[in-house]
Each structure stands twice: as C-alpha cells, then as structure tokens.
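Reading the structure
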Amino acid sequence: AVTIPQTWQPAAGNRRIEGRLERIDCLGKQARFHVQSEGRRWSLRVEDPGQVLLKNLSSVTFQFRCGPQEPRAVTVEFQEKPNGEGEITSIEFH
C-alpha cells in the first residue's frame, strides 16, 4: 500500500461558498478575491498562490488578471479565521 505523508496533502478549508468572482486585487505575491455569495460580498485572501488547489482546469479556461472580472461562477473553499477573514484553499470554476 502507498502511504501519502500528511504534509503532502493540500490544505483543506473549513468553509465553502458558491458565488460569482467579481474582482481580484493583486497585492504583490498575494491577492484578494472578491466573491458575491449568500447575499454578501466575501473578501478572501490568497497568501501563497502555489498552495491553492485549482479544480476543473481541464474543462474551463481562465486567465488570472488584476481588477474587475467578467462575473464567473465559482465554488471557493477557504479557511475562515476567528477575526472573520478567510484564506482560500481551493477554487473551482463552473
């Protein structure tokens, strides 16, 4: 049997939302995604882009760029922090 070390597993979020990606703010090596969902606008951080799991890549073409986005349906999993902020762990494009 093959055993995969826990440290190789992608980070998992503790919260998941479905909505529309509306804007990406580029902050050097980091970014902030603005997603409209559940009647509110979520502002979610990407600390390290290399650690975010991108799902559905074979069926969707998407080029990340800063600023307003053509509204696109997404499912975002993130780690919600006690202070209300969230750090994205995965993004699925629809």
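Before going into details, it helps to say that this report is about the structure given with it. (Residues numbered from 1 in each chain as written. Predicted model: local features only at pLDDT ≥ 70, side-chain atom pairs only at ≥ 80, totals over all residues. Heavy atoms only, no water.)

Regarding the overall build of the protein
Across its full length, the protein holds zero helices and six strands. In sequence order, the secondary structure elements of the protein are arranged as β-β-β-β-β-β. Over its C-alpha atoms the protein spans a radius of gyration of 14 Å, differing by no more than 12% from the 12 Å that the globule rule assigns to 94 residues. Relative to its 94 residues, the protein shows a buried fraction of 31%. Computing the positive centroid from 13 side-chain charges and the negative centroid from 12, the protein places the two 2 Å apart. (Helix = DSSP H or I, 4+ residues; strand = E, 2+ residues; numbered from the N terminus. Rg over C-alpha atoms; globule rule 2.2 N^0.38 Å. Buried < 20%, exposed > 50% of the residue type's maximum accessible area, 1.4 Å probe, protein only. Lys, Arg positive; Asp, Glu negative; His and termini not counted. Charge placed at Lys NZ, Arg CZ, Asp CG, Glu CD.)

Overview of the side chain of Thr-89
With respect to the helices, strands and loops of the structure, Thr-89 is situated in strand β6 (residues 86-93). Residue Thr-89 is classed as buried on the basis of its relative accessible area of 7%. Only 3.3 Å separates the side chain of Thr-89 from the backbone nitrogen of Gly-13, close enough to count as a polar contact. Once residues lying within four places of it in the same chain are set aside, the contact partners of Thr-89 are Ala-11, Ala-12, Gly-13, Gln-51, Val-52, Leu-53, Glu-77, Phe-78 and Gln-79. (Polar contact = N/O pair within 3.5 Å; in protein donor to acceptor, adjacent residues only side chain to side chain. Contact = heavy atoms within 4.5 Å.)

Description of the nonpolar core
In terms of nonpolar packing, the biggest core is built from 16 residues, with Phe-33, Val-76 and Ile-88 touching the most fellow members. Listed by contribution, the elements that provide at least two residues to this core are β1 (15-27), β2 (30-37), β3 (40-46), β5 (67-80) and β6. If we ignore the near neighbours within four places in the chain, the residues touching Ile-88 are Phe-33, Leu-44, Arg-45, Val-46, Val-52, Val-76, Glu-77 and Phe-78. (Core = buried A, V, L, I, M, F, W, Y, C linked by side-chain atoms within 4.5 Å.)

Considering the pattern of salt bridges
Where charged atoms from two side chains of opposite charge come close, those side chains can pair. Counted by the stated rule, this structure contains seven salt bridges. Across the pair Arg-15 and Glu-38 runs a salt bridge, and its minimum N-O distance is 3.3 Å. Highlighted residues: Arg-15 in strand β1 and Glu-38 in the loop between β2 and β3, separated in sequence by 23 residues. Glu-38 sits in the exposed class, given a relative accessible area of 54%. The partner of Glu-47 in a salt bridge is Arg-45, and the shortest N-O contact between them spans 3.0 Å. (Salt bridge = Lys/Arg side-chain N within 4 Å of Asp/Glu carboxyl O.)

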